[in-house]
Amino acid sequence: MRWSQAFIPTLRDDPADAEAASHRLLVRGGFARQLMAGVYSLLPLGKRVHEKIEGIIREEMVKVGGQEFSLPALLPKEILEKSGRWGVDVMFKLEDRHGAAACLGFTHEEIFAWIARELRSYKQLPQIWFQFQTKFRDEERPKSGLLRVREFMMKDSYSLDVTAEGLDYAFQQHFEAYRRIFERLGLDVVAVEASSGGMGGNESIEFMIETPAGEDWIVSCAACGYAANVEKATSLLEPASDEAGPATPEKFATPDVRTIEELAVFEGGAPAEQQIKTLVYTIDDAPALLLLRGDHALVEQKLIDGTAAETLRPATTAEIRQALCASAGSLGAVGVEGLRVLADPALQGRTNMTTGANEDGFHLRGVSIERDIQVAEWMDLREVTEGEACPMCEADLAIRKTAEVGHIFKLGTVYTEALGASVQGEDGKNVPIIMGSYGIGVGRAMAGIVESWNDENGIIWPMNVAPYEVVVTIVNPKDVESSEAGQRIYESLIGDGIDAILDDRKERPGVKFKDAELIGIPYRITVGPKGLADGKVELFRRRGAEKRDVDVHKAADIVLNAVMEERR
RNA sequence: CGGGCCGUAGCGCAGCUUGGUAGCGCGCCUGAAUGGGGUUCAGGAGGUCGGGAGUUCGAAUCUCCCCGGCCCGACCA
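Values in this document were obtained by computation on a predicted structure and should not be read as measured data.

**A few points about the overall build of chain A**
1) Next: Scanning chain A for helices and strands turns up 15 helices and 31 strands.
2) Next: Structurally, chain A occupies a C-alpha span of about 95 × 65 × 50 Å along its principal axes.
3) Next: A total of 568 residues make up chain A; the buried ones form 51% of that total.
4) Next: The long-range fraction of contacts in chain A, counting pairs at least 24 apart against all pairs at least 6 apart in sequence, stands at 69%.
5) Next: Total accessible area computed for chain A in this model is approximately 25,900 Å², and 48% of it derives from carbon and sulfur atoms.
6) Next: In chain A, 64 side chains carry a positive charge and 91 a negative one; their mean positions are 7 Å apart.

**As for the layout of surface pockets**
1) Next: Taken as a whole, the second largest pocket spans an internal volume of roughly 330 Å³.
2) Next: Lining the second largest pocket we find 23 residues, and of these K277, T278, L279, G329 and L331 sit closest to its centre.
3) Next: Elements represented by at least two residues in the lining of the second largest pocket include exactly α6 (260-265), β14 (276-283) and β18 (353-356).
4) Next: For the lining of the second largest pocket, the element with the highest residue contribution is β14, accounting for six residues.
5) Next: Partitioned by chemical class, the residues of the lining of the second largest pocket number 12 nonpolar, nine polar and two charged.

**Structural notes on the environment of P391**
1) Next: Turning to its location among the elements, P391 is positioned in the loop between β20 (377-378) and β21 (397-412).
2) Next: The class of P391 is partly exposed, set by a relative accessible area of 26%.
3) Next: As for P391 and C325, which are separated by 66 residues in sequence, their C-alpha atoms are 39 Å apart.
4) Next: The contact partners of P391, leaving out residues within four places of it in the chain, are Y226, T234, S235, L236 and L397.

**Observations regarding the pairing of β21**
1) Next: Pairing between strand β10 (residues 203-210) and β21: eight bridges, direction antiparallel. Along β21, the bridge assignment pairs E206 with H407.
2) Next: As judged from the six bridges shared by strand β11 (residues 216-221) and β21, these two strands associate in the antiparallel manner. In the strand pairing of β21, V219 is matched with I399.
3) Next: Where β21 meets strand β24 (residues 434-441), six bridges bridge the pair, whose relative direction is antiparallel.

**Remarks on the domain arrangement of chain A**
1) Next: For chain A, the assigned domains are domain 1 (45-233 + 399-451), domain 2 (250-378) and domain 3 (468-566).
2) Next: The C-alpha-based centres of domain 1 and domain 3 are spaced at 41 Å.

**Some thoughts on the sheet that holds strand β31 (residues 546-551)**
1) Next: Here we have five strands laid out as an open sheet, ordered β28-β27-β29-β30-β31, and mixed in their pairing. Strands with a single pairing partner mark the edges of an open sheet, and in this sheet they are β28 (500-503) and β31. Between one strand axis and the next, the sheet turns by 20° as a mean value, whatever way the strands run.
2) Next: Of the pairings in the sheet, the one linking strand β30 (residues 536-541) to β31 comprises six bridges and is antiparallel in character. Looking at β31, one finds that E538 is bridged to D549.
3) Next: Across the sheet, helix α15 (residues 552-566) is in contact with β27 (470-474), β29 (523-527), β30 and β31; its angle to β31 comes to roughly 135°.

**Examining the sheet that holds β14**
1) Next: Here we have five strands laid out as an open sheet, ordered β16-β14-β15-β17-β20, and mixed in their pairing. Each edge of the open sheet is held by one strand with a lone partner, namely β16 (312-314) and β20.
2) Next: Bridging between β14 and strand β15 (residues 286-293) involves eight bridges; their strand directions are antiparallel. Residue pairing in the sheet places V280 in a bridge with L289 of β15.
3) Next: Its contacts with the sheet put helix α7 (residues 300-307) on β14, β15, β16 and β17 (340-343), and the angle it makes with β16 is roughly 140°.
4) Next: Its contacts with the sheet place helix α8 (residues 317-324) against β14, β15 and β16, and it is angled at close to 110° to β14.

**Digging into the packing of aromatic side chains**
What describes a pair of aromatic rings is the distance from one ring centre to the other and the angle between the planes of the rings.
1) Next: Taken as a whole, this structure holds 11 aromatic pairs when the rule is applied.
2) Next: Between the aromatic rings of F171 and Y438, the centroid separation amounts to 6.4 Å while the plane-to-plane angle is 50°, which identifies the pairing as tilted. Here the residue F171 occupies a position in helix α5 (residues 164-185), and Y438 occupies one in strand β24, the gap between them amounting to 267 residues. Neither F171 nor Y438 differs from the other in exposure class; each is buried.
3) Next: Between F182 and F207 the ring centres are 5.5 Å apart and the planes differ by 40°, which places this aromatic pair in the tilted class. Pair noted here: F182 is in helix α5 and F207 is in strand β10, with a separation of 25 residues, a long-range link. Each member of the pair F182 and F207 is classed as buried.
4) Next: Grouping aromatic residues by their ring pairs yields a cluster made of F69, F112, W129 and Y158.
5) Next: Here R365 stacks its cationic end above the ring of F252, 4.0 Å away from the centre of that ring.
6) Next: A cation over a ring is seen here: K410 above F171, with NZ or CZ 5.0 Å from the ring centre.

**Quick notes on the packing of helix α1 (residues 21-28) against helix α11 (residues 442-452)**
1) Next: Where α1 contacts α11, the two axes come as close as 8 Å, and the packing angle between them is 105°. The pairing of α1 with α11 is recorded here as roughly perpendicular in orientation. Counted together, A21, S22, L25 and L26 of α1 and M446, A447, V450 and E451 of α11 form the full contact between these two elements.
2) Next: Looking at the contact of α1 with α11, its residues break down into six nonpolar, one polar and one charged.

**Let's talk about the pairing of strand β5 (residues 92-95)**
1) Next: Bridging between β5 and strand β6 (residues 101-104) involves four bridges; their strand directions are antiparallel. When the bridges of β6 are listed, L94 appears paired with A102.
2) Next: Taking the residues that link successive antiparallel strands as the turn, the β5-β6 hairpin has five residues, and the phi of G99 there is positive, at about 90°.

Rules used in this analysis
The residue numbers shown here count from 1 along each chain, following its written sequence. Here every chain gets a letter starting at A, and every ligand a number starting at 1, in the order they are written. Whole-chain, interface and lining totals are the exception, using all residues; otherwise, since this is a predicted model, local features are given only for residues with pLDDT of at least 70 and side-chain atom pairs are given and counted only at 80 or more. Note: side-chain values were computed over all heavy atoms of the structure, leaving out hydrogens and water. Numbering of helices and strands runs from the N terminus; a helix is a DSSP stretch of H or I covering at least four residues, while a strand is a stretch of E covering at least two. Exposed residues in this analysis have more than 50% of their type's maximum accessible area, buried residues have under 20%, and partly exposed residues fall in between, with area computed by a 1.4 Å probe over protein chains only. Should any heavy atoms of two residues lie within 4.5 Å, those residues are counted as being in contact. Under the convention used here, a 1.4 Å probe and the Shrake-Rupley method define accessible areas, while residue burial counts only the protein chains that appear. When charges are counted, Lys and Arg are positive and Asp and Glu negative, with His and the chain ends excluded. Positions of charges follow a simple convention, taking NZ of Lys, CZ of Arg, CG of Asp or CD of Glu. Buriedness of a pocket was judged along seven lines, with at least five required to meet protein on both sides within 12 Å; pockets are open sets of points on a 1 Å grid over the protein atoms alone, cavities are sets where a 1.4 Å probe fits but cannot get out, and lining residues have an atom within 4 Å of a point. Grid points are joined across faces, edges and corners, and a volume is the space filled by probe spheres set on the points. Gly is placed with the polar residues, together with every amino acid not listed as nonpolar (Ala, Val, Leu, Ile, Met, Phe, Trp, Tyr, Cys and Pro) or charged (Asp, Glu, Lys and Arg). Here a strand pair is declared whenever DSSP counts at least two bridges between the two strands. What counts as a domain boundary in this text is fixed by an automatic or database domain assignment. Interaxial angles span 0 to 180 degrees and are taken between N-to-C directions of axes, which are lines fitted to C-alpha atoms, for helices over the stretch in contact. Ring pairs are drawn from Phe, Tyr and Trp, using the six-membered ring of Trp, whenever the two centres fall within 6.5 Å, and their geometry is named by plane angle: stacked under 30 degrees, edge-to-face over 60, tilted for the rest. Lysine and arginine charges are scored as sitting over a ring when NZ or CZ, respectively, is within 6 Å of the ring centre and within 35 degrees of the ring normal. Roughly parallel means an angle under 35 degrees; roughly antiparallel, over 145; roughly perpendicular, 65 to 115; everything else is oblique.

Set out below in C-alpha cells:
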C-alpha cells in the first residue's frame with residue numbers, strides 16, 4: 001500500500017469527547033469513527049487489526065478442535081422464549097413486516113443448542129463449535145470508546161459434552177487456549193473467579209486486563225496468585241476481641257444520628273467495626289434484612305448469587321417503614337420476627353455491638369449477634385477492601401481496576417434442556433447435552449491492546465496485530481534516488497510476505513514520522529538523501545524508540561528477520 | 001435510570017451575558033519556496049449555528065419542546 005493512496009484520516013488533535021487512551025488513539029489514528037452512542041465504524045486500519053486478532057483467535061480455537069460456524073444475527077422470538085431470555089433488557093427488539101417479533105442476537109447459546117438438537121448419540125460428542133458474530137446489546141451506558149459498545153464482534157464458542165468430566169476438559173482446553181490467545185495478542189491478563197451473573201451455570205472465569213478505563217474491580221494476591229472479581233472475592237479478617245457486654249441490649253437516645261459515621265463519632269456511640277449495619281432489600285417481592293459490619297459494604301452480586309433471586313432491589317422508604325416501623329438510620333434486627341435475616345459471616349460470634357433500635361432516634365448497644373438476633377442464613381455479602389488478608393495465603397490483597405476481555409462459563413444443561421438438545425447415552429437413555437460457553441470480544445481486545453500499549457506519541461502495536469508491520473518512509477519524494485531506494489526496499493518486503501506500507505506522501509518528514517508513530521507501526525525504515533550519501537537508511541523501532549543506521553541493501557533483510565522474530 | 005456538562009466548517013474552539021454582515025487555529029484546495037521531527041509565504045474553498053415551534057422589524061444569541069453526544073453514579077450476558 002502506498003500511503004498517498006491510503007485512507008488513514010489521522011487527526012492532529014485529540015477528539016474532544018474521548019477520555020480513555022484507546023478511544024483517543026483509535027479515533028485520532030484513523031482506526032475507527034463513531035456513528036452513534038456505542039456504535040463504531042471500523043476504518044481500513046481498524047479492520048486490519050481486527051482481522052489479525054480474529055486470525056489468532058481462530059488458530060487457537062481450531063487447535064483445540066473448534067469448528068467454525070456463522071449463525072444469524074437476526075433471531076426469532078420463539079427460540080429465545082424457550083430459554084426465558086426473550087425480553088432481557090439489553091435486547092434490541094424488532095418486528096418484521098408481518099408483525100412477527102425478532103431481535104438482534106446478544107449472544108448465541110440458544111441457537112447453538114437449537115442446532116445441537118440434531119446430535120443423536122453420545123458417540124458424536126464432544127464437540128466445540130464457534131463463530132465470529134456481531135452481537136447487539138442495548139447497554140444502559142456505552143462508554144470508553146471501543147471498550148463498551150452496543151454492537152461488537154465477538155468470538156463465541158460452545159462446548160457440547162455428555163459428562164461433567166467432558167465439560168471440565170473442554171473448559172480447561174478453553175482456559176489454555178485463551179491464555180495462548182491473550183499472550184499472542186500482547187495482553188497481560190489476570191484470570192479471575194467470577195460471578196456467572198445472568199448467564200446461569202455454576203463456574204466461570206473472567207480474563208481481565210488492568211486499565212484505568214476499566215469498570216470491574218478485581219482483588220488479587222501478589223504472593224500466591226489468588227485473584228477474583230470483587231463480586232466474588234473473599235478475604236480473611238482479624239478476629240475481633242469484643243467485650244462480653246451487658247446481659248441484655250441497652251437502648252439509648254441518638255438524636256439526629258442517621259449514618260454509621262455519625263454514630264461512630266457520637267458520644268456513647270461505637271466505632272464502625274463495632275456496629276451492625278442493617279439494610280432492607282426486597283428479594284423476589286419479599287422484604288429481607290441484610291446485616292453487615294458497620295464499615296463493610298454490600299456486594300449486591302453476592303446477594304443475587306447467594307439467594308438465587310429472580311429480582312432484587314433496595315427496599316423503598318415506605319417498605320422499610322412497613323417492615324420495621326422505623327426509618328433508615330435507626331434500623332436493627334434485634335427482636336425482629338417474621339422477616340428473613342441474612343448476615344455476613346464477619347459478624348459471627350460478635351458481642352457488645354451497636355445497632356439501630358427500630359425506633360427513630362434510638363440505638364441499642366450491648367448486642368450479641370447469636371443471643372439477640374435470629375439469623376436465618378449466614379452468607380458472604382461484604383466487599384473486600386485493599387490490604388485485607390488473602391484467603392489462600394494471608395498476604396495483603398490488592399485491588400485493581402480492570403476491563404474484561406474474555407469470559408468462560410460452565411453452563412451445564414440450562415439451555416439444552418430448555419431447547420430439547422439431548423443425546424442417547426451408552427445405556428440407551430436420553431441425557432441433556434452439557435454445555436460450556438466461551439467469549440472474547442474482538443473490538444474490546446483491540447481497545448485493550450491499545451490501553452496496554454501506548455505512549456505520548458501514540459499506539460505501540462505488538463507485531464502480531466499491527467495494521468502494518470513496517471513503514472518505509474521516503475523523506476523527500478522529489479529526490480529520485482531515495483524514492484527508488486525506498487520503493488525497492490518496500491517491494492522486497494512485500495515479496496517476503498511482510499505487511500509493509502510505503503509512505504510516499506508529499507509531506508514534511510516530521511508529519512510522516514508523527515503519523516507513523518501515532519498509528520503505531522512497529523518498524524520504520526527512513527530513506528533520505530542524507531543517509532543514502534553513505535549508503536545507509538535508518539531503522540527505527542517504535543517500541544523503545546531505538547534507531548540505527550543500516551546498509552541500504554541489507555535493510556529489507558534485517559527488517560524481515562526482525563519482524564519474523566516478533567511474530568508469534 | 002439519577003446527577004453534571006456539551007452540540008457553531010473535516011478536527012479543536014470563540015461568539016450567546018447585552019438580538020443586527022458567522023469568526024479563529026489546525027486540516028483541505030491552488031501556486032511558490034523548503035525537504036532527517038507536525039516548515040514558510042501568497043491566494044482560495046468550505047457552515048441548514050443539532051431539529052422544530054415561538055417572541056421580535058430582525059434569533060447562533062431570548063423562551064418552550066424534541067433529538068443527539070460526553071462524563072460520574074446506578075445497572076450489566
